[in-house]
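Below are the chains, spelled out letter by letter.
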Amino acid sequence: MSTEAVLQAPSATHHEAHGDHHHEHHHHETFITKYVFSQDHKMIAKQFLITGMVWAVLGGLMSVLFRLQLGYPDAHFSWLQDILGKFWVEDGRITPQAYYALVTTHGTVLVFFVLTAGLSGTFANFLIPLQVGARDMASPFMNMLSYWFFFIASLVMLSSMFVETGPFSGGWTAYPPLSALGTASPGSKTGMDLWLVAMALFVVSSLLGGLNYIATVLNMRTKGMSMTRMPLTIWALFFTAVLGVLSFPVLFSGFILLIFDRNFGTSFYLSDIYINGVGALPNEGGSAILYQHLFWFLGHPEVYIILLPAMGMVSEILSTNARKPIFGYIAMIGSMFAIAILAFLVWAHHMFVTGLNPFLGSIFVLLTLLIAVPSAIKVFNWLTTLWRGNIRFTPAMLFAIGFVSLFISGGLTGIWLGNSALDIHLHDTYFVIAHFHIVMGVASMFGMFAGIYHWYPKMYGRYLNNTLGYIHFWITMIGAYLIFWPMHYEGLAGMPRRYYDYSIWESFKQFAELNRFISTVAMIVFMTQLLFLFNFFYSIFKGRKVTTLNPWNSNTLEWTTPIRPGHGNWVGEIPEVHRWAYDYGKDGREFIPQTEAVGADESHH
Amino acid sequence: MTTTTYLVIAVVALIFLVIFQISKAAEYVSVLKGEETSRKQTNKINGFLMVGFLVAGLIGVWYCNEVLYNKTLLAVGSASVQGERVDSMLWVTLIVTGIVFIATQILLFWFAYKYQESDKRKVFYFPHNNKLEVLWTVVPAIALTVLVVIGLRNWFYFTGDAPADAMQVEVTGKQFGWIFRYPGQDKTFGKKYYKVIDAADNSLGLVWKDSATLNLKDDPATHDDIVLEQTMYVVKDKPVKLIIGSRDVIHDVGLSQFRMKMDAVPGIPTTMWFTPKYTTKEMKDKTGNPNFQYEISCDQMCGNGHYSMKGVIEVVTQEEFDVWMAKQKPKYLDIFPDKDPSKKSDTTAVKPMAASMPADKKIIAKN
């Protein structure tokens, strides 16, 4: 094809630039050791990314299906029944149980499998060794195990979609007693067992990964790479790993108790229960609220486990493409540190209406709103980074700017919800849906897209198609606001979340038209993501080849490796670092890589 | 599958193909034209789109408000005294966060547009500035302190003790409906125990029989307790305290018009109180909706029927309430008709409303 010839032609003149990686590491590599049971952090990163993408498509598709129900509650989709079968669609309508199963699985996989494993799994693996100057992770074997535990967790979760009583359908938070009693909901039977097993495996994966990231950042930095010279991506991924390692075990313990209650007749969470058609249960003395404490002790840090990597990558990408140093590097680290500490001290703001002791609640209000301060610092620092820069709108940069916009929009509504007296009114309404989808869901997704567009050349030695990238960005950006902005108004009408049908409610049925609009936009945005997916896989094989070592003129170490680095990353010695990562536009120079020694006449900052 | 489905799939596939071809061609052109030139061109387009998005977005925010504001509860105002505080606090928070929202979004997209790449511009090397950083640490901290103070004052008011003269109603959630209990003339709720629950006759498990195996003794306070389903009556301008519990899984008493919400947790009673301001009739006029109801929505995922777990609060005047209450008959007398003193003297008495209602039936379906 003629176009291909043009696209590939320039690469011919630069053969020497990317040919050199073949010389290193000639130990025997089979298909299995290179692509399947690989211990190369870059390959593991790609495995996490692609598995995450599979889940993102499935999770997104689930949201399209339940949006179909919300947008068109009276329509009959007989063709859906042909595809999905009678459990999911009956008489052309998605069944209530299927609806709740979809909502639950959508939440679980997006939060854990996509935005935790897919995001920090991908970029912590890919960037930590490359940006701190290490040949691989502290323990490549453990790293490999981390992926395979995630993979098995994925299989178990997927298998739960096919059991007779249906997948778990009690919401991604899985509050007992609903999640503990199969008699209370068919989704809490085998589906819930599989859900718990999958999540337990996931916790193992996440701990194996997290310990590795921490060990690598602390011990394996190259010469000259002091902690305060690390790119903000690494700081962010480091804090993410610390959060995960300290909070996932608590979730795990919560799950263990739940497994005991489900299978071994204990009463950790159960008390005074009478189930229709079954009668009174023997359990007495347990507390259903205990689970919520254990769950949210992870659940809230989890929000930052999702957000921090995005923040780190966005800082790096904004600075690189504004050709200007990140503003307030130390303040950025400080605010991330503050967020990481506070993340552990705010969990009960999810529980203001559980009957929590009001005094305890007031402490959590104070600590929750305190998080707005480091968040504000970050936003203003990003804005100042753009100010008087020289901005290149690469697709990565667009997504980074989009991230900042969404983080502001969604972050501000956190001030509403964190204030308990307002939360009483807005709790569990669409206002909450709008809030966390914008600030955590879409914003982190944008961070992830920014990271993929920015580091794709390093991952595959080729570029993604820019035009597709721009179309992807603008439709997603506009779509995200069209979907989630109006939901604030539904929340202000008190419209509860997780309702299958609103038509019987005098207070909430006025939004039928709006729901249809939102569902339509959601479908268009989902299609646009398929465009991105196509771009991703097409470009692996057919994308324009990268012909220079440092396509974005960036300062960080990963761009000193060969265009397609082999296992071990650098040919010969690992470069030494002499400065921080953000000397852009200093002393009239466009950029000064970290590997360049500080000149005698260089100005101080 | 219908023909329309195939048609839709075909159209979508076609759009994909067109977008793909255009994108491929664009890359092709950019390589031929020189990457530097084409990059600068797309940079201009994206810079323009940035400011375009800002303007369209701000208009969109205004338009969205125009269309949807009247569908929210803010347009009508709160139906409880406490809810008015929620609303006023909501407005203050909206103003504070709204100003920050508008200002930062304008700065973000304006900077993106203004400082797009240009050969003429020399980047300003500006790695940090302590004064600025202190400024935007302190100002948000002060603003938040104000919001926290307002919030906590309201929080302690809402969660504080109900006034002594408050009416008391017990609300119990179950899959998928609500059970209400009034203490009756002795103003005391009789004891209950979940193991004596009987779906048909004793939906709350009131202890009105001795039981040696469960070590229970008949509690006379249960004898005048009034147990109802579906609809609960409260009095305008009179504080009402709800004592909330659940029979099976966690539910939540959501009262959006009153701006109140509290979980119903099995085994752990919770409370909530508020003062209704308008009767249901008055709200019908106020909202212009003849079908208006104060609905109790379950706001905590409780199973496959969660979306239909509806109750109704009927707010009436004191006189109407007294008339209604006089017609209610304690559940105990329903179950043990021989203990009913009125039955002995006058067997032709009008059958009270509570008795004619089938107990523990899924009422929601009727709505």
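A quick note: this is a predicted structure, and the numbers were derived from the prediction, not measured.

1. Focus: the overall build of chain B
Then, in step 1: Tallying secondary structure elements over chain B gives nine helices and ten strands in all.
Then, in step 2: By principal-axis analysis of the C-alpha atoms, chain B measures approximately 105 × 65 × 50 Å.
Then, in step 3: Expressed as a percentage of the 367 residues in chain B, the buried residues total 48%.
Then, in step 4: Accessible area for chain B stands at about 17800 Å²; split by element, carbon and sulfur atoms hold 63% of it.

2. A word on the pattern of salt bridges
Then, in step 1: Taken as a whole and judged by the stated rule, the model has 29 salt bridges over all chains.
Then, in step 2: K42(A) is paired through a salt bridge with D40(A); the nearest N and O atoms lie 3.3 Å apart. This pair shows no difference in class: K42(A) is buried, exactly as D40(A) is.
Then, in step 3: Here E117(B) ties to R392(A) by a salt bridge, and the two come within 3.3 Å at their closest N and O atoms. Of this pair, E117(B) sits in the loop between α3 (81-114) and α4 (130-159) while R392(A) sits in the loop between α13 (372-386) and α14 (395-417), each in a different chain.
Then, in step 4: On the basis of relative accessibility, which here comes to 17%, the residue E117(B) falls in the buried class.
Then, in step 5: The network of salt bridges with common partners includes R323(A), R392(A), E590(A), E36(B), R39(B) and E117(B).

3. Remarks on the interface of chain B and chain A
Then, in step 1: If you look at the interface, chain B gives 120 residues, while chain A gives 138 residues.
Then, in step 2: Carbon and sulfur atoms supply 68% of the area that chain B and chain A bury against each other, a total of about 11500 Å² over both sides.
Then, in step 3: In this structure, the connection of chain B to chain A is made through four salt bridges.
Then, in step 4: For the side of chain B that touches chain A, the elements supplying multiple residues, two or more each, are α1 (3-33), α2 (35-68), α3, α4, β7 (260-264) and β9 (294-298) of chain B.
Then, in step 5: Taken together, the residues that form the side of chain B that touches chain A break down as 65 nonpolar, 36 polar and 19 charged.

4. A few points about a nonpolar patch on the surface
Then, in step 1: Judged by side-chain polarity, I256(A), F260(A), F264(A), F268(A) and L290(A) come together as a nonpolar surface patch covering roughly 430 Å² of accessible area.
Then, in step 2: Checked against the element boundaries, F264(A) lands in the loop between α9 (232-263) and β3 (274-275).

5. A few points about the nonpolar core
Then, in step 1: Ranked by size, the top nonpolar core spans 290 residues in total, and within it W382(A), F403(A), Y182(B), L242(B), L255(B) and I313(B) carry the most contacts.
Then, in step 2: Looking at this core, the element that brings in the most residues is helix α6 (residues 96-132) of chain A, giving 22 residues.
Then, in step 3: What I313(B) contacts, discounting residues up to four positions off in sequence, is M232(B), V234(B), L255(B), F258(B), F274(B), T280(B), Y294(B) and I296(B).
Then, in step 4: With eight residues, the next largest nonpolar core counts I179(B), L206(B), W208(B) and Y332(B) among its residues.

6. Remarks on the sheet that holds strand β10 (residues 310-316) of chain B
Within a sheet, neighbouring strands are paired by backbone hydrogen bonds and run either parallel or antiparallel to one another.
Residues and elements named next belong to chain B.
Then, in step 1: Pairing is mixed across the open sheet formed by five strands, whose spatial order is β4-β10-β9-β6-β7. Each edge of the sheet is formed by a strand with only one pairing partner; in this case those strands are β4 (231-235) and β7. Across the sheet, the mean angle from the axis of one strand to that of its neighbour is 25°, orientation sign disregarded.
Then, in step 2: As paired strands, strand β6 (residues 251-255) and β7 are joined by five bridges and run antiparallel to one another. Bridge assignment links H251 to a residue of β7, and that residue is A264.
Then, in step 3: Of the strands in this sheet, β4 and β10 are in contact with helix α6 (residues 318-327), which crosses β4 at around 135°.

7. A look at the packing of aromatic side chains
Then, in step 1: Scanning the entire structure with this criterion turns up 94 aromatic pairs over all chains.
Then, in step 2: Each ring, one from F77(A) and one from W79(A), has its centre 6.2 Å from the other, and the planes form 85°; the classification is edge-to-face.
Then, in step 3: With a centroid separation of 6.0 Å and 85° between ring planes, the pair formed by W208(B) and F336(B) is classed as edge-to-face. With W208(B) in the loop between β2 (177-182) and β3 (226-229) and F336(B) in the loop between α7 (331-335) and α8 (341-345), this residue pair connects regions lying 128 residues apart in the sequence. Each of the two residues, W208(B) as well as F336(B), counts as buried.

8. Points about the side chain of H425(A)
Then, in step 1: Turning to its location among the elements, H425(A) is positioned in helix α15 (residues 420-426).
Then, in step 2: Relative accessible area serves as the criterion here: at 3%, H425(A) is assigned to the buried category.
Then, in step 3: When residues no more than four places from it in sequence are discounted, the contact partners of H425(A) are L492(A), L73(B), V86(B), L90(B), S256(B), R259(B) and K261(B).

9. Here we look at the sheet that holds strand β8 (residues 270-274) of chain B
All names here are of chain B.
Then, in step 1: The five strands lie next to each other as β3-β2-β1-β5-β8, forming an open sheet whose pairing is mixed. One side of each edge strand has no neighbouring strand; the edge strands of this open sheet are β3 and β8. Direction aside, neighbouring strands of the sheet carry axes that sit 25° apart on average.
Then, in step 2: Note that strand β1 (residues 167-174) and β2 share five bridges and pair antiparallel. Within the sheet, the bridge partner assigned to E170 lies in β2 and is R181.
Then, in step 3: Its contacts with the sheet place α6 against β1, β2 and β3, and it is angled at close to 95° to β2.

10. So, the pairing of β7(B)
Sheet faces and side chains relate simply in a regular strand, where the side chains alternate between the two faces.
Then, in step 1: With five of five residues buried, β7(B) lies mostly within the body of the structure.
Then, in step 2: Counting the residues between successive antiparallel strands, the hairpin from β6(B) to β7(B) contains four residues, one of them, R259(B), with a positive phi of roughly 60°.

11. Comments concerning the side chain of Q175(B)
Residues and elements named next belong to chain B.
Then, in step 1: Note that Q175 resides in the loop between β1 and β2.
Then, in step 2: According to the relative accessible area criterion, Q175 is buried, its value standing at 7%.
Then, in step 3: For Q175, the side chain forms a polar contact with the main-chain oxygen of C302, separated by 2.8 Å.

12. Notes on the packing of α6(A) against α9(A)
How two helices pack is summed up by the angle between their axes together with the distance between the axes.
All names here are of chain A.
Then, in step 1: Look at α6 against α9: their axes get within 10 Å of each other, and the N-to-C directions meet at 130°. Here α6 is positioned oblique relative to α9, judged by the angle of their axes. Of the two elements, α6 crosses α9, and the hand of that crossing is left-handed. Only T233, I234, L237, T240 and F248 of α9 make contact with α6, whose side of the interface consists of F112, T116, S120, F123, A124, L127, I128, Q131 and V132.
Then, in step 2: By residue class, the composition of the contact of α6 with α9 is nine nonpolar, five polar and no charged.

13. What to know about the packing of helix α12 (residues 358-370) of chain A against α13(A)
All names here are of chain A.
Then, in step 1: Across the interface, α12 lies against α13 with an axial gap of 5 Å and an inter-helix angle of 10°. Compared by their axis directions, α12 and α13 come out roughly parallel. Note on element contacts: α13 touches α12 through A372, V373 and P374, opposite T368, L369 and L370.
Then, in step 2: Residues that form the contact of α12 with α13 fall into these classes: five nonpolar, one polar and no charged.

14. Some details on the environment of T271(B)
All names here are of chain B.
Then, in step 1: With respect to the element layout, T271 can be found in strand β8.
Then, in step 2: Residues T271 and I243 lie 28 residues apart in sequence; the distance between their C-alpha atoms is 4.7 Å.
Then, in step 3: If we ignore the near neighbours within four places in the chain, the residues touching T271 are K241, L242, I243 and M262.

15. A word on the confidence of the model for chain B
Residue and element names in this part refer to chain B.
Then, in step 1: Taken over all residues, the pLDDT of chain B has a mean of 90, while the share at 70 or more is 93%.
Then, in step 2: Strand β5 (residues 240-246) holds the highest mean pLDDT among the elements of chain B, 97, whereas helix α9 (residues 353-356) holds the lowest, 44.
Then, in step 3: Of the regions scoring below 50 in pLDDT, residues 346-367 engages in 27 contacts with residues more than four places distant in sequence or in other chains.

16. As for the confidence of the model for chain A
Then, in step 1: Taken as a whole, chain A shows an average pLDDT of 92; of its residues, 95% reach a score of 70 or greater.
Then, in step 2: Note on residues 1-6 of chain A: pLDDT under 50 across the span, and ten contacts to partners over four residues away in sequence or across chains.

Conventions we followed
The residue numbers shown here count from 1 along each chain, following its written sequence. Both sets of labels track the order of writing: A upward for chains, 1 upward for ligands. Where local features are concerned, this predicted model is filtered to residues with pLDDT of at least 70; where side-chain atom pairs are given and counted, the filter is 80 or more; whole-chain, interface and lining totals use all residues. As a convention, hydrogens and water are excluded, and side-chain values are obtained from all of the structure's heavy atoms. Going along the chain from the N terminus, every DSSP run of H or I of four or more residues is numbered as a helix, and every run of E of two or more is numbered as a strand. For every residue, the accessible area (1.4 Å probe, protein chains only) is compared with the maximum for its type, and the residue is labelled buried under 20%, exposed over 50%, or partly exposed between those bounds. Using the Shrake-Rupley algorithm and a 1.4 Å probe, accessible areas are obtained, with residue cover drawn only from the displayed protein chains. The rule for a salt bridge is simple: a side-chain nitrogen of Lys or Arg has to be within 4 Å of a carboxyl oxygen of Asp or Glu. The contact criterion used is simple: two residues touch if any of their non-hydrogen atoms lie within 4.5 Å. As a working definition, buried area equals the accessible area (1.4 Å probe) given up by two parts on being put together, with both sides summed. Under the convention adopted here, Pro, Cys and the residues Ala, Val, Leu, Ile, Met, Phe, Trp and Tyr are nonpolar, Asp, Glu, Lys and Arg are charged, and Gly plus all remaining residues are polar. What goes into a patch is any residue over 30% in relative accessible area without a salt bridge, connected to like charges within 9 Å or, for nonpolar side chains (Val, Leu, Ile, Met, Phe, Trp, Tyr), within 5 Å. Residues grouped as a nonpolar core are buried Ala, Val, Leu, Ile, Met, Phe, Trp, Tyr and Cys residues, joined through side-chain atoms within 4.5 Å. A pair of strands is treated as paired once DSSP finds two or more bridges between them. Lines fitted to the C-alpha atoms define the axes, with helices restricted to the stretch that makes contact. Angles between their N-to-C directions range from 0 to 180 degrees. In summary, the pairing rule links any two rings of Phe, Tyr or Trp, Trp by its six-membered ring, whose centres are within 6.5 Å, and it sorts them by plane angle into stacked for under 30 degrees, edge-to-face for over 60 and tilted for everything else. Counting of polar contacts relies on pairs of N or O atoms within 3.5 Å, with two restrictions inside protein: one atom must be capable of donating a hydrogen and the other of accepting it, and residues adjacent in sequence are counted only when both atoms are side-chain atoms. Should an angle fall under 35 degrees it is called roughly parallel, over 145 degrees roughly antiparallel, and 65 to 115 degrees roughly perpendicular, with every other angle called oblique. A crossing counts as left-handed when the near helix is turned anticlockwise from the far one by less than a right angle, and as right-handed when that turn is clockwise. Along the chain, pLDDT gives the predictor's confidence residue by residue, from 0 to 100.

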